[in-house]
Amino acid sequence: MGIDAVTTRESLALPAADPAGDLPVVWSTAWAPFLDIDGTLLDIAARPDDVFVPDDLIETLTAIADTCGCLALITGRSLGQADALFGAGRFDVAANHGAVVRIGGVVRDQAGDPGAAEAVAAALRPAVDRHAGTFVEEKGHSVAVHYRAAPAAEPFLLQAAREAIRGSGDAWRILIGKAVIEIAPRSATKGTAIAQFLADPAYRRRRPFFAGDDTTDEDAFEAVAAVGGLGVLIGPERKTAARYRLPSPGAFRAWLDGSVAGCAG
Ligand SMILES: O=P(O)(O)OC[C@H]1O[C@H](O[C@H]2O[C@H](CO)[C@@H](O)[C@H](O)[C@H]2O)[C@H](O)[C@@H](O)[C@@H]1O
């Protein structure tokens, strides 16, 4: 697959989710919860470092992890960023869109040389320097180019991203998220990361639950649907492989709080 195989909102041709606040989930060791961070657990903020993690959210996630015996954050952020937000080593994590996976404290890095991502970031810097309000986020094994404050820059930055990975063969894929262009290793996705968790003894033979908000989460929705799991889209209606939908991170956090009260124990 070449660099033109960009995953965009327009390229998705998936059925609409059923809007439903009444999700058929009672946490127990039958479930494997997988949760996206930005736009799902946390409200979107102006910049990556501006997000707010409510204390009671961490308590709620800990209670769910204790009840289920497992819980993983599935994120485009780096492992270090996920730990900084939710507590060092507190939860299992798939970071960098699946390129780095930590299960039970053991990190499996499938992304190869982080120097390659640094080179991509360096190639993108002249492009962001030309557009005020845009910036590069280096994440070790992947790179993000943000333009929330300059949405008109998207086509220019997308072209710059294509040029930055030209000559790298099939090493990279480009994802378009929420006011962000992500350059991530092609060797992994959020879907392959979830499959990896489900092959691990700590997650095996459980029904996967995945909540996510972005088109970059569709690999994960498809992965859980393929094995009879349950996907929940957070945000407005759109084409998706998720089966259920809640309108906002706030609504999802409220649902998570309530779901803890009903835990099977
Ligand atoms: O996979 P996720 O956990 O949803 O992470 C996706 C990306 O989230 C972050 O960017 C997004 O959230 C920022 C904070 O709300 C926002 O400012 C930005 O516009 C969004 O694109 C994060 O910075 C990226 O590294 C993640 O890949």
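Identification of the chain as Trehalose 6-phosphate phosphatase from Prosthecodimorpha hirschii is taken from an unreviewed UniProt entry. Regarding the chain, the relevant UniProt record gives this comment under Catalytic activity (unreviewed entry): "alpha,alpha-trehalose 6-phosphate + H2O = alpha,alpha-trehalose + phosphate".

S.K.: Looking at this structure, how should I read the site of the ligand?
M.R.: By nearness alone, 21 residues border the ligand, and A45, T75, K178, E182 and K190 come closest of all. Here an oxygen atom of the ligand sits 2.6 Å away from a polar atom, N or O, in the main chain of A45. Relative to its free-state accessible area of 580 Å², the ligand is covered by the protein chains to the extent of 97%. Of the residues belonging to the shell around the ligand, the class tally is seven nonpolar, four polar and ten charged.

S.K.: Is there a simple way to think about the side chain of T134 in this case?
M.R.: Residue position: T134 is located in the loop between α3 (114–129) and β7 (135–138). Residue classification places T134 among the buried residues on the basis of a relative accessible area of 9%. Polar side-chain contacts of T134 include one of 3.2 Å to the backbone oxygen of V128. A polar side-chain atom of T134 sits 2.8 Å from the main-chain carbonyl oxygen of H131. The residues contacting T134, other than those within four sequence positions of it, are V128, H146, Y147, A150, A153 and L157.

Rules used throughout
Residues numbered from 1 in each chain as written. Predicted model: local features only at pLDDT ≥ 70, side-chain atom pairs only at ≥ 80, totals over all residues. Heavy atoms only, no water. UniProt positions renumbered as here; feature names shortened; annotations may be inferred. Near = heavy atom within 4 Å. Polar contact = N/O pair within 3.5 Å; in protein donor to acceptor, adjacent residues only side chain to side chain. Areas by Shrake-Rupley, 256 points an atom, 1.4 Å probe, with all protein chains shown as cover. Nonpolar A, V, L, I, M, F, W, Y, C, P; charged D, E, K, R; others polar. Helix = DSSP H or I, 4+ residues; strand = E, 2+ residues; numbered from the N terminus. Buried < 20%, exposed > 50% of the residue type's maximum accessible area, 1.4 Å probe, protein only. Contact = heavy atoms within 4.5 Å.

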